[in-house]
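A closer look at the structure
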Amino acid sequence: MILVTGVSGALGGLVLERLVEAGGAEVVGGTRVPAPGSRGARRVDFDEPGSLAEALAGVDVLVFVSAGYAEDDVVLARHGAVVDAAAAAGVRHAIYTSLAGSGEHLTIALAHRWTEARLAAAPFATTVLRNGLYAEVPAGLAAGGTDVAARTGVFGAPLGAGGISVVAREDLADVAARVALQADADLAAGRRGRHAGRVYELEGVEKVGGEDIAGVLAEELGRPVRYESTSPGATREALDASGLLPYQVGHTLSLFSNARAGLLAADRDRGDLQDLLTAPPRPVRRLIADAVRAEAARSAAESAAAAV
Ligand SMILES: NC(=O)c1ccc[n+]([C@@H]2O[C@H](COP(=O)([O-])OP(=O)(O)OC[C@H]3O[C@@H](n4cnc5c(N)ncnc54)[C@H](OP(=O)(O)O)[C@@H]3O)[C@@H](O)[C@H]2O)c1
């Protein structure tokens, strides 16, 4: 049996969808709050270690989706509890969604690398999927800058001249589902898993910087848009005032600093993404354009409603 954690989240949900579509394997979704009456979904809450024995009973292949939205101590406790519970429950192969090598200096890397080390010492086979940053990162910046760009023709972001290599979440879900199905098939056939002990770098193959985002905004808004790199200090002040939780401010600033330093641009020929996909990676600029269009439509609808 394959169990996917975090299935009400975007990545876990997509992985589960692919596994169910593929058919042929027994698949179950894990989530903190299963929908009332939902058949087959198991309650999986990493913050409740005592509940994990039941959650993981009978699971051969665990697709362990990281649960990174918290301070480091909380994330480490969560992830450690999953590794311990998987060992105790007799899980045979765990596939963990980690962070790509280009993100090594991000603050979020700490919890991922710690989890990788815990998994490496576990008594079951493991595969680490080092996921690149999602295309939602620049798409979010573009959407957030849509209104101002439409009014002023300027897109501001603290990215300096740096670019971020990003990947469509759908591609990462395709890879995770494929690896899980093959791991399950290998176990069923009594073969040594072809993915056992492997660490895959799923770096994005497209690099997106401030100029690129301004280009998409210009195209979608039908007007010239110029990129202006804003200062990290001003960004920190704005984030502090934005109502984000303290750890979110830290992680967000770390992302911008890494981008500015040119550390988030991956060597596009060195990753494993294209080898593990059965189709070319999805174009991320289209995802950014979709986000801008959705934001422009939302803003137009809001203005129309306000005018009534
Ligand atoms: N590569 C990137 O750019 C990037 C960006 C952001 C985040 N991430 C990491 O990738 C993970 C998956 O991304 P995503 O896009 O699917 O995020 P998402 O849509 O926010 O989903 C995260 C899911 O994590 C699960 N979760 C949270 N706390 C949990 C807990 N205590 N026990 C068990 N599950 C818990 C939840 O699933 P249920 O609600 O079903 O319990 C939640 O929906 C994130 O959690 C984060 O660690 C990566």
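Nothing here was measured: the structure is a model prediction, and the numbers come from that model.

1. Examining the overall build of the protein chain
Helix and strand counts for the protein chain stand at twelve helices and twelve strands. Taking 2.2 N^0.38 as the reference for a compact globule, 308 residues should give roughly 19 Å; the C-alpha atoms of the protein chain span a radius of gyration of 21 Å, in line with that estimate. Principal-axis analysis of the C-alpha atoms gives the protein chain an extent of 60 × 45 × 40 Å. Taken across its 308 residues, the protein chain has 49% of its residues classed as buried.

2. Thoughts on the packing of aromatic side chains
Evaluated as defined, the whole model comprises three aromatic pairs. One aromatic cluster is present, formed by Phe 46, Phe 64 and Tyr 96 through successive ring pairs.

3. Description of the sheet that holds strand E3 (residues 42-43)
One key point about sheets: their strands pair by backbone hydrogen bonds, in either a parallel or an antiparallel sense. Read across the open sheet, the seven strands follow the order E3-E2-E1-E4-E5-E6-E10; overall the sheet is parallel. The open sheet terminates on both sides in strands that have one partner only, identified here as E3 and strand E10 (198-202). Bridging between strand E5 (residues 93-99) and strand E6 (residues 125-131) involves seven bridges; their strand directions are parallel. Counted as the bridge partner of Tyr 96 is Val 128 from E6. Against the sheet, helix H3 (residues 72-89) contacts strand E4 (61-65) and E5, and its axis sits at roughly 175 degrees relative to E4.

4. A few points about the pattern of salt bridges
In total, this model carries 23 salt bridges according to the counting rule given. In this structure, Glu 220 and Arg 293 form a salt bridge, with 2.8 Å as the shortest nitrogen-oxygen distance. Remark: Arg 293 occurs in helix H12 (residues 284-307) and Glu 220 occurs in helix H8 (residues 210-221); sequence separation between them is 73 residues. A salt bridge links Arg 298 to Glu 302; the nearest nitrogen and oxygen atoms lie 2.6 Å apart. One end of the pair, Arg 298, and the other, Glu 302, are both in helix H12, four residues apart, so they sit about a helical turn from each other. The structure contains a network of salt bridges with shared partners spanning Glu 17, Arg 18, Asp 171, Asp 174 and Arg 282.

5. Here we look at the sheet that holds strand E11 (residues 206-209)
Spatially, the three strands line up as an open sheet ordered E7-E9-E11, and their pairing is mixed. Bordering the open sheet on either side are strand E7 (133-134) and E11, each of which pairs with just one other strand. Across four bridges, the pairing between strand E9 (residues 163-167) and E11 is antiparallel. Across the sheet, Ile 164 pairs through a bridge with Val 208, a residue of E11. Running over the sheet, H12 touches E9 and E11 and is turned about 40 degrees from E11.

6. Overview of the nonpolar core
One broad rule of soluble globular proteins: the nonpolar side chains tend to lie buried together. Leu 133, Phe 155, Leu 159 and Ile 213 are the most contacted members of the largest nonpolar core, which totals 32 residues. Elements represented by at least two residues in this core include exactly helix H5 (136-144), strand E8 (154-157), E9, H8, helix H10 (246-260) and H12. Looking at this core, you find at least three residues from each of domain 1 (2-131 + 169-202) and domain 2 (136-164 + 204-266 + 278-307). Once residues lying within four places of it in the same chain are set aside, the contact partners of Leu 133 are Leu 99, Leu 106, Ile 164, Ser 165, Val 166, Val 167, Leu 255 and Leu 264. Listed in part, the 28 residues of the second largest apolar core include Val 63, Leu 172, Tyr 200 and Leu 277.

7. A word on the site of the ligand
Not every one of the 22 residues close to the ligand is listed here, only the nearest: Ser 8, Leu 11, Thr 31, Phe 46 and Ser 66. At 2.8 Å from an oxygen atom of the ligand is found a main-chain nitrogen or oxygen belonging to Tyr 134. Burial of the ligand by the surrounding chains reaches 85%, relative to a free accessible area of 870 Å². Mapped by element, the contributors of at least two residues to the shell around the ligand are helix H1 (10-22) and E7. Along the lines of polarity and charge, the residues of the shell around the ligand split into ten nonpolar, seven polar and five charged.

8. Observations regarding the domain arrangement of the protein chain
As far as domains go, the protein chain holds domain 1 (2-131 + 169-202) and domain 2 (136-164 + 204-266 + 278-307). Taking only C-alpha atoms, the centre of domain 1 and the centre of domain 2 are 30 Å apart. Looking only at domain 1, the three residues that lose the most surface to domain 2 are Ser 102, Leu 106 and Asp 171, adding up to 33% of its buried area. Where domain 1 touches domain 2, the interface holds three salt bridges. The partner of Asp 174 in a salt bridge is Arg 282, and the shortest N-O contact between them spans 3.0 Å. Seen at the junction of domain 1 and domain 2, the total is seven residue pairs in polar contact (both at pLDDT 80 or more). For the side of domain 1 that touches domain 2, the per-class residue count stands at five nonpolar, four polar and eight charged.

9. Some remarks on empty space enclosed by the protein
Which parts of space are left empty comes out when a probe the size of a water molecule is rolled across the atoms. Evaluation of the coordinates by the stated rule reveals one cavity of 30 Å³ or more. By volume, the largest cavity is sized at about 30 Å³. Residue lining of the largest cavity: Val 166, Val 167, Ala 168, Asp 171, Gly 204, Val 205, Glu 206, Leu 273, Pro 281, Arg 282 and Val 284, and that is the complete set. Looking at the lining of the largest cavity, its residues break down into seven nonpolar, one polar and three charged.

Conventions we followed
Residues numbered from 1 in each chain as written. Predicted model: local features only at pLDDT ≥ 70, side-chain atom pairs only at ≥ 80, totals over all residues. Heavy atoms only, no water. Helix = DSSP H or I, 4+ residues; strand = E, 2+ residues; numbered from the N terminus. Rg over C-alpha atoms; globule rule 2.2 N^0.38 Å. Buried < 20%, exposed > 50% of the residue type's maximum accessible area, 1.4 Å probe, protein only. Phe/Tyr/Trp six-rings, centres within 6.5 Å; stacked < 30°, edge-to-face > 60°. Pairing = 2+ DSSP bridges. Contact = heavy atoms within 4.5 Å. Axes fitted to C-alpha atoms, helices over the stretch in contact; angles between N-to-C directions. Salt bridge = Lys/Arg side-chain N within 4 Å of Asp/Glu carboxyl O. Core = buried A, V, L, I, M, F, W, Y, C linked by side-chain atoms within 4.5 Å. Domains from an automatic or database assignment. Near = heavy atom within 4 Å. Polar contact = N/O pair within 3.5 Å; in protein donor to acceptor, adjacent residues only side chain to side chain. Areas by Shrake-Rupley, 256 points an atom, 1.4 Å probe, with all protein chains shown as cover. Nonpolar A, V, L, I, M, F, W, Y, C, P; charged D, E, K, R; others polar. Buried area = accessible area lost by both parts, 1.4 Å probe. 1 Å grid on protein atoms, 1.4 Å probe; cavity = no way out; pocket = protein on both sides within 12 Å on 5 of 7 lines; lining within 4 Å. Points joined across faces, edges and corners; volume = space filled by probe spheres on them.

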